[in-house]
Amino acid sequence: MALKIDMSKAYDRVEWNYLAAELNKIGFDHKVVNLFMACISSVKYKVLHAGRNFGSITPSRGIRQGDPLSSYLFLLCIEGFTALIRKYESRGLIHDIKVAQRAPSILHIPFTNDCFIFCKASLESDNHVKEMLHKFETTSGQQMNVDKSSVFFSRNSGAALKQELRDKLRFVEADENRSYLGLPSLITRKKYVVFGFIEEKLQDQIEVKICRDLERVMCKYWWKSDGKKERGIHWISWDRMRSRKNEGGTGFRNIRDFNVALHAQQVFEQRSRIEAHNIAMWKFVQDNTFSVSMSYMTQEDGVKQWRAPTIGRVKVDFDATIFENPSKYNHTFVIRDHEGKLIKARSRCCQGSVTPVLAKAMGVREALSWVKTKKQHNVEVETDCLELVQWIRSCYSSLSYLGRVVDDCRQLLAGVQNQNVMLRFVKRYANRVANYLARYNYLSTDRIWRMEDVHSEFYHVLCNDLK
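Before going into details, it helps to say that this report is about the structure given with it.

About the criteria used
Residues numbered from 1 in each chain as written. Predicted model: local features only at pLDDT ≥ 70, side-chain atom pairs only at ≥ 80, totals over all residues. Heavy atoms only, no water. Core = buried A, V, L, I, M, F, W, Y, C linked by side-chain atoms within 4.5 Å. Buried < 20%, exposed > 50% of the residue type's maximum accessible area, 1.4 Å probe, protein only. Helix = DSSP H or I, 4+ residues; strand = E, 2+ residues; numbered from the N terminus. Contact = heavy atoms within 4.5 Å. Pairing = 2+ DSSP bridges. Axes fitted to C-alpha atoms, helices over the stretch in contact; angles between N-to-C directions. Phe/Tyr/Trp six-rings, centres within 6.5 Å; stacked < 30°, edge-to-face > 60°. Parallel < 35°, antiparallel > 145°, perpendicular 65-115°, else oblique. Left-handed = near helix turned anticlockwise from the far one by under 90°. Nonpolar A, V, L, I, M, F, W, Y, C, P; charged D, E, K, R; others polar. Salt bridge = Lys/Arg side-chain N within 4 Å of Asp/Glu carboxyl O.

### Remarks on the nonpolar core
Counting 43 residues, the largest nonpolar core has Leu 3, Ile 5, Leu 19, Phe 81, Ile 117, Met 132 and Phe 171 as its most contacted members. Elements with a minimum of two residues in this core: strand E1 (2-6), helix H1 (16-26), helix H2 (30-41), helix H3 (68-90), strand E5 (114-118), helix H4 (123-140) and helix H5 (159-169). Take this core: its biggest share by element is nine residues, from H3. Leaving out residues up to four positions away in the same chain, Ile 117 has contacts with Met 1, Ala 2, Leu 3, Ile 5, Phe 81, Ile 85, Leu 107, His 108 and Met 132. With 34 residues, the next largest nonpolar core counts Met 362, Leu 368, Val 371 and Val 381 among its residues.

Below is the structure:
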């Protein structure tokens, strides 16, 4: 396994005593060490608030970020961690690894405030690594950032061992989406796929450079004088010249933004042509009296009178209604058992202007979602919209919102195949209960009925279906 150790506030947590001892251990002269420590310990801070200076803060540890000397001093501090790792290796407590048979052994790779440690994926190695990190934190003042640290496992590591090591280390496991220093953390054999983003970034930068060069040529041509060798005086910045005329500019376009807009227009026109072709094909099928899609109809379709389902089955009828003023639509589904008794009915009224087919398609999606969520078996779903039933059963696809709703219905039907769910077309008279509720629920946003909630008029409509 490989551990990526991230140190939290690395520069601010350097203990001065540890740094002085590290410099003496490496072999610096005492005068040089004292000079270094004088530069570090003479720092004082003040807080500027509302134009006033407050206090004089004298730190007791840490090195200043931005100081040219601080980076080198911190690297010397990390040398103590490197020596500690080598000591554990020499004692046989942790072991290095090889990425290939002929590759050199590798144990750790130190960076500025990060470090990679490579060792065997075992509980024993994990305990020694935690002990080593604890010693370094106690001595140097550093603190490991668990949230930014991560662990990598090889494919040979078992799932149980990975979970146990993650729990002990409290590290997250790195995946293919993580990166370090702008590069992927994991590199597979498909190098082109892994580093493909570099090519995309270079192409974007090349495009930006070309656009800037074109704008530079335009600017030079605009400001040059009659002489061929003279550049001319640029009286106004190019950014101001690109402003609109009513804002004091000349109306020159930003070439890169204009190029992006043209690409977007091409994509939009292409998708519009595809959508127009799909709609034309669907209308052709409709105009020909569904001569192509009649194969999608079954003998059980087109029932004129509501029939109760057989014992052990339930029937779901749904319908939708469009209200013109104000713009509302309502989709409703009604669930009844083999005796015709109401199990549940739900009516949802929404704001917006939609077509009748779209409203009914959303009703089908709502009903099928209920069947899937409740894991209801042996269900007969019925609607009086022939066009919608044929569309769902066909292979026709559309990029419109209606097409996406129909695709959702197909996926829901495919997901409940093992639950014995059927979709059928019935005549409007056989769907009058759902039609009644869709027209009745005009004010309520979302309403649910059960048998004990049925009022007299609704009960009369239910009884008429059983005659």
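### As for the sheet that holds strand E11 (residues 328-336)
Here six strands make up an open sheet; going across it, the order is E14-E13-E10-E11-E12-E15 and the pairing mixed. A strand with exactly one partner marks an edge of an open sheet, and here the two such strands are strand E14 (421-425) and strand E15 (446-449). Averaged over neighbouring strand pairs, the angle between their axes works out to 15 degrees when direction is ignored. The sheet contact formed by E11 and strand E12 (residues 342-351) spans nine bridges and is antiparallel. In the sheet register, Tyr 329 faces E12, and the bridge partner there is Cys 350. Against the sheet, helix H11 (residues 386-393) makes contact with strand E13 (379-383) and E14, and its axis sits at roughly 135 degrees relative to E14, the strand it touches most.

### Remarks on the packing of aromatic side chains
Taken as a whole and assessed by the stated rule, the structure comprises seven aromatic pairs. Taking 6.5 Å as the distance between ring centres and 85 degrees as the angle between the ring planes, the aromatic pair formed by Tyr 18 and Phe 136 counts as edge-to-face. Of this pair, Tyr 18 sits in helix H1 while Phe 136 sits in helix H4; the two residues are 118 residues apart in sequence, bridging distant segments of the chain. Each of the two residues, Tyr 18 as well as Phe 136, counts as buried. Geometrically, the ring pair formed by Phe 116 and Phe 152 is tilted, given 6.3 Å between the ring centres and 40 degrees between the ring planes.

### Topic: the packing of helix H10 (residues 356-374) against helix H12 (residues 401-415)
Two elements in contact, H10 and H12, have axes separated by 9 Å at closest approach and are oriented at 25 degrees. For the element pair H10 / H12, the angle class is roughly parallel. For the element pair H10 and H12, the recorded crossing hand is left-handed. Along its contact with H10, which presents Val 357, Leu 358, Ala 361, Met 362, Val 364, Arg 365, Leu 368, Ser 369 and Lys 372, the element H12 presents Tyr 401, Leu 402, Val 405, Asp 408, Cys 409, Leu 412 and Leu 413. Class assignment of the residues belonging to the contact of H10 with H12 gives a composition of 12 nonpolar, one polar and three charged.

### Remarks on the pattern of salt bridges
With the rule as written, the count across this model stands at 17 salt bridges. For Arg 393, the salt bridge identified is with Asp 301, shortest N-O distance 2.7 Å. Linking Arg 393 in helix H11 with Asp 301 in the loop between helix H9 (255-287) and strand E10 (314-323), this pair joins segments that are 92 residues apart in sequence. A relative accessible area of 12% means that Asp 301 is categorised as buried. One salt bridge connects Lys 360 with Asp 319, and the closest N-O pair in it is separated by 3.5 Å. With Lys 360 in helix H10 and Asp 319 in strand E10, this pair connects stretches of sequence that are 41 residues apart.

### Re H1
Of all the residues in H1, the buried ones are Trp 16, Tyr 18, Leu 19, Ala 20, Glu 22 and Leu 23. On its buried side, H1 packs onto H2, H3 and H4. Note on H1: the residue one or two positions beyond its end, Gly 27, has a positive phi of about 120 degrees.

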